[in-house]
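What follows is the residue order along each chain.
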Amino acid sequence: MKASISRIEFPGEARSTALTPGLNIITGPISTGKSQFLRLCRIVFGSKVKELGPEVRAMQAIRASLTIGKNDYTVYRPLTDTARAKIVVSTVNHGHLVLENEAKPYRKSETRYSEWLASCFGFQKLYVPSAPTRIESDPNPLGIRDYMMYCSLPKDEIASEVFSHEHPHKNIKRRYVFELLYGIYSAEIANQQSRLREIRHARANLEIQSKAIDSVYDDLPWGSSSDLESELQNIDARLQMIHDQQVNIRVESEEQSGIGSLRRQLLTTEEKIGVLSNEIEDLENGLAIRKRTSRQLRSQIGKLSRAMTATGAFGQYNYVKCPVCSQSLPENRNLPGHCALCLQPSSPQEDILEELVAEQLRISRQIDETEHLLEESEEALESLWERRTTLDDERKRISEALSLRLDTFVSDKEETLVSLAEERGRLAERASSLNDARMFMSRRGQIKGALETVLGEEEEAVEALEELRGDSRVVQSRIARLEQRMSELLSRMRLPAFLDARAQISRANYLPIVGGRTFGELLSEGLTVEVNIAHALAHQLVSAELNLGLPKILFIDSPSSAFGKEGFDPKRLHSIYEQIRHVCSELAGDLQVIIADNHVPDGFDRFIRLRLSEHERLVPS
């Protein structure tokens, strides 16, 4: 899929670098920021900010214009990976997205920038076994950075490693990406491996349980399941017989000794005491209410007496001065039958006193009735307590007689009852042990059954996994095409005369083999750089030809570092650049290659997009 950067800029700074499809060169002396610029480009495509130097991270953020497929985006990327740093992606027609960086704790409701990039390229989120030969190993996610390894030749790896193959963890991811691109592996296979991993984990747990339960089962003195069930039935029958025998002894003895009659008498007495106690409680509550009523009525009598006294006294006053302001009142205010203060018609004092006296007499009669009821209630309460005392004495007498009869009963039947109780205890203990054994055998059967089911599921999953494997002929034809394109590129480079330019791809580790030599056996740094670049370019050519989905962008850092300035080396470096330009031309601008290098061969100045110097550094001093 097409992938390119058209502009990189620092917001708030004057520097802005425009890039084009095809070949782009960033040049300048050492320590001027070429590699840092290339790292900024890789960060736009998902690399981590920690790869940058501190002087670049001090610039706080970058803004990049990029193209993925047919869509153009503007990315604002803070140069920090703190949880609060937000990455903003803007599009012409769809507004902008606010995305999280890798430092933010994962939440399903939020989208990370790396996930968004992967979705733009059509890469599914896969979890692959951390050990490719062991499906049951812990799963690891395969993300955008793993795919972008095939699009980057960093300065510290270009002469020594093939897409980070010397890093064990990255090397595993590199191999998975190769298999995905060339059809050996797929999302369906990853999902089926995940299912098979879960089945094998379940099988391992069941095997552990089965082994543990078998080690215990073999040492236990239990027969078959049918023998165990037969013995349990016999024990249950004997326990029922013992229970019936104990009941019969108790009933027979109670009838003969009068214990049953005494128990019935005691129960009747207890019921009478209960009824009587409820009556006493109700009567005491009513007595308390009547006493409270009597006190309230006496209080009301006192209030009426004070009101009668006040009415007789204050009714005789003839106001001369105002009781509020002390000024003299005019004589015309003291009208007969009116209040001297409010001038309202007043009722005769004799009528008020008669009403108060009538109310006082009514309340006095109510007090007499209440007192009479109190006396009757107290007499009734005293009678109830006398009956309660009599019943308590009766209960005590019956209880003592019952206790004496029970002692006699236990003494007479002690030997028989003890024997039955001991036998019942032994049988109950044996039954409990046999029930535990039955549960143990049932659990053992469940585990064995579950293990058989899981083994069947595992066999089906393995068969389904084999069916998902791609057609080996198609895979081999793709890899053969990769070998052919890489051989063509190497044949056009000025390799040493002793080395055959024929390239192969190892089917064991997917690393290049040139002239029968593995990458580790290529002792010349210049030769490893040539092979690395030819290998990366060949992947781009085959991916474009066969539509394998590799992002059509390539970052190459310091290819001239392995070559000198004299002798045959300048021609070898020139041939490398020439092959890069040739591949860009063959892909008609769909591939963007960005090179950071100290020395640019003659004839390639027109591809320089940024020229740095001691005075024009990427990040000003």
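Quick note: structure is the one above.
A brief report on the enclosed structure follows. (Residues numbered from 1 in each chain as written. Predicted model: local features only at pLDDT ≥ 70, side-chain atom pairs only at ≥ 80, totals over all residues. Heavy atoms only, no water.)

Below, the discussion takes up the overall build of the protein chain. Helices and strands together make up the secondary structure of the protein chain, namely 12 helices and 16 strands. The buried share of the protein chain, taken over its 621 residues, is 40%. Within the protein chain, contacts between residues separated by at least 24 positions form 69% of all contacts whose residues are at least 6 apart in sequence. Carbon and sulfur atoms make up 50% of the accessible area of the protein chain, which totals about 34300 Å². (Helix = DSSP H or I, 4+ residues; strand = E, 2+ residues; numbered from the N terminus. Buried < 20%, exposed > 50% of the residue type's maximum accessible area, 1.4 Å probe, protein only. Contact = heavy atoms within 4.5 Å. Areas by Shrake-Rupley, 256 points an atom, 1.4 Å probe, with all protein chains shown as cover.)

Time to look at the sheet that holds strand β1 (residues 3-9). Here we have six strands laid out as an open sheet, ordered β2-β1-β4-β5-β6-β7, and antiparallel in their pairing. Looking at strand neighbours, the two that pair on one side only are β2 (16-18) and β7 (96-100), the edges of this open sheet. Strand after strand, the sheet turns through a mean of 25° between neighbouring axes, direction not considered. Here three bridges tie strand β5 (residues 71-78) to strand β6 (residues 86-90), and the two strands are oriented antiparallel to one another. Bridge pairing links T74 to S90 in β6. (Pairing = 2+ DSSP bridges. Axes fitted to C-alpha atoms, helices over the stretch in contact; angles between N-to-C directions.)

Below, the discussion takes up the layout of surface pockets. In this model, the largest pocket occupies a volume close to 1100 Å³. Forming the walls of the largest pocket are 41 residues, and the residues nearest its centre are S47, K48, I144, R145 and D146. Looking at the lining of the largest pocket, the elements that each hand over two or more residues are α1 (34-44), α3 (113-121), β9 (134-142), α4 (144-148), α5 (168-181) and β14 (553-557). Ranked by the residues each element gives to the lining of the largest pocket, the list is headed by α4, at five residues. Residues of the lining of the largest pocket, tallied by class, amount to 15 nonpolar, nine polar and 17 charged. (1 Å grid on protein atoms, 1.4 Å probe; cavity = no way out; pocket = protein on both sides within 12 Å on 5 of 7 lines; lining within 4 Å. Points joined across faces, edges and corners; volume = space filled by probe spheres on them. Nonpolar A, V, L, I, M, F, W, Y, C, P; charged D, E, K, R; others polar.)

With that settled, the discussion passes to the packing of helix α10 (residues 472-492) against helix α11 (residues 525-546). In a pair of packed helices, the angle between the axes and the distance between the axes together describe the arrangement. Look at α10 against α11: their axes get within 8 Å of each other, and the N-to-C directions meet at 130°. Classed by the angle they form, the pair α10 and α11 counts as oblique. For the pair α10 and α11, the sense of crossing is right-handed. Mapping the contact onto sequence places R478, R481, L482, R485, M486, L489 and L490 in α10 and E530, V531, A534, H535, L537, A538, H539, L541, V542, E545 and L546 in α11. Looking at the contact of α10 with α11, its residues break down into 11 nonpolar, two polar and five charged. (Parallel < 35°, antiparallel > 145°, perpendicular 65-115°, else oblique. Left-handed = near helix turned anticlockwise from the far one by under 90°.)

What follows is about the side chain of S560. Structurally, S560 is set in the loop between β14 and α12 (569-586). Here the side chain of S560 touches D597 through a polar contact of 2.4 Å, side chain to side chain. Look past the residues within four positions of S560 in its chain and what remains in contact with it is L573, D597, N598 and H599. (Polar contact = N/O pair within 3.5 Å; in protein donor to acceptor, adjacent residues only side chain to side chain.)

Pairing within the open sheet is parallel, and its five strands lie in the order β10-β14-β15-β3-β16. The outermost strands of the open sheet, each flanked by one partner alone, are β10 (152-153) and β16 (608-611). As paired elements, strand β3 (residues 22-27) and β16 share three bridges and run parallel to each other. Each residue of the ladder has a partner; that of I26, found in β16, is L610. Contacts between α11 and the sheet are confined to β10 and β14, with β14 contributing the most and set at about 170° to the helix.

Another aspect to go through is the pairing of β1. Bridging between β1 and strand β4 (residues 61-68) involves six bridges; their strand directions are antiparallel. Residue R7 lies in a different strand from β4, and its bridge partner there is S65. Sheet topology places β1 next to β2; three bridges connect them, and they run antiparallel. When the sheet's bridge partners are listed, E9 is paired in β2 with S16.

Compared with an ideal rise of 1.5 Å per residue, which puts 14 residues at 20 Å, α5 spans 20 Å between its outermost C-alpha atoms and is within 8% of the ideal. When we look at burial in α5, the residues that qualify are N171, K173, R174, Y176, V177, F178, E179, L180 and L181. A positive backbone phi angle near 90° is found at G183, which sits one or two residues after α5. (Expected span 1.5 Å × (residues − 1).)

What follows covers a negative patch on the surface. Negative charge collects at one region of the surface, where E375, E376, E378, E379, E382 and E386 lie side by side. Note on placement: E382 falls in helix α9 (residues 349-468). Judged by its relative accessible area of 52%, E382 falls in the exposed class. (Patch = residues over 30% accessible without salt bridge, like charges linked within 9 Å, V, L, I, M, F, W, Y side chains within 5 Å. Salt bridge = Lys/Arg side-chain N within 4 Å of Asp/Glu carboxyl O. Lys, Arg positive; Asp, Glu negative; His and termini not counted. Charge placed at Lys NZ, Arg CZ, Asp CG, Glu CD.)

Any two aromatic rings considered together are summarised by their centre-to-centre distance and by the angle between their planes. Taken as a whole and judged by the stated rule, the model has 12 aromatic pairs. Between F178 and Y182, the ring centres sit 4.6 Å apart and the planes meet at 20°, which makes this aromatic pair stacked. With respect to class, F178 is no different from Y182; both count as buried. With a centroid separation of 4.4 Å and 15° between ring planes, the pair formed by F178 and Y510 is classed as stacked. On the criterion of sequence distance, the pair formed by F178 in helix α5 and Y510 in the loop between β11 (503-505) and β12 (512-514) is long-range, its members being 332 residues apart. For the pair shown, F178 and Y510 are each scored as buried. (Phe/Tyr/Trp six-rings, centres within 6.5 Å; stacked < 30°, edge-to-face > 60°.)

F45, L490, I533 and I580 are the most contacted members of the largest nonpolar core, which totals 123 residues. In terms of residues, this core owes the most to one element, α11, which gives 10 residues. For L490, the contacting residues outside a window of four places in its chain are L495, A501, A503, V514, E530, V531 and A534. Of all hydrophobic cores here, the second largest spans 13 residues; its members include L228, L239, I242 and L434. (Core = buried A, V, L, I, M, F, W, Y, C linked by side-chain atoms within 4.5 Å.)

By secondary structure assignment, the location of S35 is in helix α1. Among the residues examined, S35 registers a relative accessible area of 14% and is labelled buried.

For the rest of this paragraph, the subject is the environment of K34. For K34, the location among the structural elements is in helix α1. Among the residues examined, K34 registers a relative accessible area of 6% and is labelled buried. A sequence separation of 563 residues divides K34 from D597, and the C-alpha atoms of the two residues are 7.2 Å apart. Residues in contact with K34, not counting those within four places in the same chain, are I26, T27, G28, P29, A596, D597, N598 and L612.

Phi at S164 takes a positive value of approximately 60°, unusual for a residue other than glycine. Looking at where S164 falls in the secondary structure, it is placed in the loop between β10 and α5. A residue is classified by how much of its surface remains accessible, and S164, at 6% relative accessible area, is buried. With a phi angle near 55°, N547 is a residue other than glycine that sits in the positive phi range.

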